[in-house]
Amino acid sequence: MNVVESEVKALEEIARASSLADLEEVRLRHLGRNGVINQLLSEIPELPRQEDRKTAGGLINSVKEKIENALEEKDRELKKKDLKEIDRSSFDITSPGISPHVGSIHPLTQFREFVRDTFSRLGFEEAYAPHLEEDEYNFGLLNIPPDHPSRDLWDTLYLEDGRAMRTHTSNMQVREMRRRKPPIRVMTFDRCFRYENVDPHHSHTFTQFEVLYVDKDVSMGQLRFLSDLFLKLVLGEKTKTRFRPKYYPFVEPGVGVDALCPFCEGKGCRVCGMEGWFEIAGAGLVHPQVLRNGGIDPKVYSGLAWGFGPDRMLMIKLGIEDIRYFYEGDLRFAKQF
Ligand code: PHE
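Every chain is numbered on its own, with residues counted from 1 as its sequence reads. Owing to the predicted nature of the model, reporting of local features is limited to residues with pLDDT of at least 70; listing and counting of side-chain atom pairs is limited to 80 or more, with chain, interface and lining totals taken over all residues. Heavy atoms throughout the structure, all of them, feed into the side-chain values; hydrogens and water do not.

In the annotation of an unreviewed UniProt entry, the protein is listed under the name Phenylalanine--tRNA ligase alpha subunit and assigned to candidate division WWE3 bacterium RBG_19FT_COMBO_53_11. UniProt positions are given in the numbering used here, feature names are shortened, and annotations may be inferred rather than shown by experiment. Under the UniProt heading Subunit (unreviewed entry), the note attached to the protein is "Tetramer of two alpha and two beta subunits." Per UniProt, the comment on the protein under Sequence similarities (unreviewed entry) is "Belongs to the class-II aminoacyl-tRNA synthetase family. Phe-tRNA synthetase alpha subunit type 1 subfamily."

Listed under "domain: Aminoacyl-transfer RNA synthetases class-II family profile" (unreviewed entry) in the UniProt record, and renumbered for this structure, are residues 109–328. Elements are defined by DSSP. Helices are runs of H or I of four residues or more, strands are runs of E of two residues or more, and each kind is numbered from the N terminus. Its end C-alpha atoms 14 Å apart, residues 109–328 is made of 25% helix and 27% strand.

The next point concerns the state of the cysteines. Working definition: the covalent bond between the sulfur atoms of two cysteines is a disulfide. Disulfides are defined as cysteine sulfur pairs within 2.5 Å. Per the counting criterion, the structure on display carries 0 disulfides. Cysteine 272 carries a free sulfur, and the closest cysteine sulfur to it, the one in cysteine 264, is 3.7 Å from it.

Glancing now at the site of the ligand. Throughout this document, a residue counts as near a molecule or strand when at least one of its heavy atoms sits within 4 Å of that molecule or strand. The environment of the ligand is made up of 13 residues, and the closest members are Trp154, His168, Ser170, Arg194 and Gln208. As used in this structure description, the phrase polar contact means that two N or O atoms lie within 3.5 Å; if the pair is within protein, one of them must be able to donate a hydrogen and the other to accept it, and residues adjacent in sequence are counted only when both atoms belong to side chains. Taking serine 170, its side chain carries an N or O atom lying 2.8 Å from a nitrogen atom of the ligand. Here an oxygen atom of the ligand and a side-chain polar atom of arginine 194 are 3.0 Å apart. In isolation the ligand has 330 Å² of accessible area, and contact with the protein removes 93% of it. Those elements that provide at least two residues to the shell around the ligand are strand S5 (205–215), strand S8 (277–286) and strand S9 (302–308). Of all the elements, S9 adds the most residues to the shell around the ligand, at 3 residues. For the shell around the ligand, the per-class residue count stands at 6 nonpolar, 5 polar and 2 charged. For the accessible areas, the method is Shrake-Rupley and the probe is 1.4 Å, while residue cover comes only from the protein chains on display. Under the grouping applied here, Gly and all other residues not named as nonpolar or charged are polar, the nonpolar ones being Ala, Val, Leu, Ile, Met, Phe, Trp, Tyr, Cys and Pro and the charged ones Asp, Glu, Lys and Arg.

Take a look at the structure:
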């Protein structure tokens with residue numbers, strides 16, 4: 001095809017196009033990567049004379065420009081026609097639009113960012129452990145052998161193959177000890193699962209945050225410092241920390257960590273159920289046997305583990321009355337925060 005022919009053909013096709021889709025096809029056929037114009041351009045080097053190559057190049061480019069202009073004009077024309085058609089139908093183009101839903105970040109996700117940020121500044125690195133876990137990592141290696149009565153502390157969802165949905169984030173402890181060398185500073189903020197009757201305070205799916213710190217001379221003093229620092233950051237300067245002895249098979253000593261109710265400052269109110277304190281976290285010094293299970297010599301190193309339930313913490317802080325709201329995916333809930 002020569003240059004003049006191709007110009008005539010393209011302009012004809014453009015004139016005939018009756019929709020934007022048609023027009024796009026025409027554009028591709030002529031100006032596309034494998035289109036007529038490129039084809040012509042690629043033939044230029046075959047011309048023997050330098051002058052001819054120059055003339056041909058100029059000619060082809062001017063045709064290209066003409067085609068482009070024609071396409072543009074036709075495009076405008078077709079769009080106008082579309083609008084007119086819409087106009088004629090029952091659609092009122094002057095009515096205000098429906099504004100799109102603006103998303104918001106789920107309160108747990110916001111809190112996760114905050115907690116990660118806080119602890120990463122203290123040198124903790126993020127770790128992950130499986131949700132569907134070997135019995136060993138969730139229980140056995142944490143001093144909770146099969147048939148031991150302490151298993152009653154965790155209502156467990158088992159699979160037929162013996163694995164379980166992890167009941168706590170503590171399944172990361174031995175996994176991380178085996179992967180790393182002291183000093184170890186890891187944290188995890190993630191989902192856990194228990195066989196629960198659901199009610200406003202219990203959900204089969206919930207969240208825990210846990211840190212593990214293994215080094216020389218790790219002490220209850222450091223545990224105290226971490227608890228105090230964190231609870232003050234979240235609940236405000238007025239809160240205080242209280243340790244109570246509490247039994248967890250994988251720490252010794254083990255403690256329950258309470259926070260002074262920031263609303264009544266300990267006097268007792270509706271939020272804390274007249275207690276004056278909230279039970280917030282479980283913690284303790286890592287049991288020597290657990291360190292050994294992780295390949296760490298308890299004569300040289302000690303460790304602390306500290307975990308709490310972000311759901312519960314947020315319920316207190318934000319006045320959320322039902323834990324199930326966190327997991328139901330109702331936008332009206334998420335948008336409030
Ligand atoms: N894993 C414990 C629980 O789910 C909490 C805990 C974490 C206790 C770390 C001690 C140390 O109840």
